[in-house]
Amino acid sequence: MAAKKTRHVCVLLPDKQHLDCTVGVKARGREVWTSILRQLGVGDLQVFALAVLRDNEYIFVDLDERLTKYFCKRWTRESPMVPYILFLRIKFYVESGLLLMSSRVQQLYYAELRQKLLLSQSHHEEALFFLLAALALQAEVGDHRETNDEDFHHYFLPEDYFPSWLIKRRGRDYVLQNVGLLHAELRGEASSRAVLRFIREANRLQDAALTLYRMRQNKKSRKSSIFLGVAMTGVHIYQEINGIHQILLDFSWNDIDSLTFQGSKFEIVSSASLCIPKLVYHSPSAFHSKHILMHIRDSHRLHFSTREAAIYVQHLEDMEAGCCYRESYICDTTALKQRLQNILSSMSDCSAAEEDEGTPSEAKLWMDEEFVDDPADVPWLAEVLFGVSVDGPLVLTSSCWAAVTAEMKQVLWRRAGEAASVD
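What counts and how
- Residues numbered from 1 in each chain as written.
- Predicted model: local features only at pLDDT ≥ 70, side-chain atom pairs only at ≥ 80, totals over all residues.
- Heavy atoms only, no water.
- Helix = DSSP H or I, 4+ residues; strand = E, 2+ residues; numbered from the N terminus.
- Buried < 20%, exposed > 50% of the residue type's maximum accessible area, 1.4 Å probe, protein only.
- Contact = heavy atoms within 4.5 Å.
- Areas by Shrake-Rupley, 256 points an atom, 1.4 Å probe, with all protein chains shown as cover.
- Pairing = 2+ DSSP bridges.
- Axes fitted to C-alpha atoms, helices over the stretch in contact; angles between N-to-C directions.
- Core = buried A, V, L, I, M, F, W, Y, C linked by side-chain atoms within 4.5 Å.

(A) Region of the structure containing the overall build of the protein chain. Along the backbone of the protein chain there are 14 helices and 13 strands. For the protein chain, buried positions account for 45% of its 423 residues. Across the protein chain, the fraction of contacts at a sequence separation of at least 24, relative to all contacts at a separation of at least 6, is 63%. Carbon and sulfur atoms form 51% of the exposed surface of the protein chain, whose accessible area is close to 21800 Å².

Right, here's the structure in full:
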């Protein structure tokens, strides 16, 4: 009889819409995921995942686990008419919206960033909030319309585009006037382009493109004053001081040697931090620790598997910034975009192959860098940059290859930009 019982699941989307589905009482997360994909009309949601709100914190659902694990006893005991709430949330943040090949996924990604913007505590990035508000208005309402009315700029609510602390600091009139002027300067920019610019610029905020998890410094602490942030480039550690998140440590993926959890105890080992080689924190529960570790592991993999695509996207954006007219930016952009699409479409195949090879231990994750640039890139980049040949084999570690090639490519892009400005 239990197998015939059903449950009603409501999935809240970032754009404040919701989708409903009905699944069996023994259903797993993947059944809800399949239903959501079908209702949205997309083949893949790429950077999104289902999440449950637990202890006032979003925990991403393992699609292969039964939903009863996330809703506990309520799932089997309560009436089938009671809706169970899941959230569609960004799990992996990206450098550019061009990495999101579906326009629907781009819109959902943009919608969640818009909401996170209202809660941001990046007090030192005040000017950036005005630019983001102007881009959001261009994306949502189109071109600014001039009028003789002296209150022409009162066409939006500051509370919908700014965090409350900024409105309180500057005042509503100041916000309305200056955003109206910035919005007017974006006249003619397409909505889709404004969305892409918003996504790129939002990455400059300290607390926009990351997921925060509350931690305690010791097991007996009642207050969680430490926050662990999972970002695109690694793991950040914040401390809450007077209600504001102050960054303490910033670990890139290459800086982290290993992460382990034992019950609620969570450890980060980093040889890059000589003064604090090991950090020990405590999560609310072993359940939280396990899912945080899974999130970090998946983010680490995605970062390296999408690195090549990110380089191509950066190349495309550099060419667009140069209007593709200067000699430094002469390139077949159509072929480049096709190459990017091929890279992105192959990511899922790469991820599947990695799973077949075996995943890191659930209790311990060694942050070995397996995805490095081809060492053959080093000689020709050195010759292009410095006019010298590198004879003989290069004896470099994989981490050195990654650092050297990344630095050389940055120099090439910078030189191309300088040459373009001279022209």
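Next, the rest of the story.
(B) Just the sheet that holds strand β4 (residues 57-60), in detail. As summarised here, the arrangement of the five strands in space is β2-β1-β5-β3-β4, forming an open sheet in which the pairing is mixed. The outermost strands of the open sheet, each flanked by one partner alone, are β2 (18-24) and β4. Taken pair by pair, the neighbouring strands of this sheet meet at an average axis angle of 40°, ignoring direction. Sheet topology note: the strand β3 (residues 48-54)/β4 ladder contains four bridges and is antiparallel. Bridge pairing in β4 places Ala-51 opposite Phe-60. Lying on the sheet, helix α1 (residues 29-40) is in contact with β1 (6-12), β2, β3 and β5 (83-90); it crosses β2 at an angle near 140°.

(C) Quick peek at the nonpolar core. Leu-45 and Leu-228 are the most contacted members of the largest nonpolar core, which totals 96 residues. Counting residues per element, this core draws most heavily on helix α5 (residues 126-141), which supplies ten residues. Among residues more than four places away in sequence, those in contact with Leu-45 are Trp-33, Ile-36, Leu-37, Leu-40, Leu-88, Val-105 and Leu-108.

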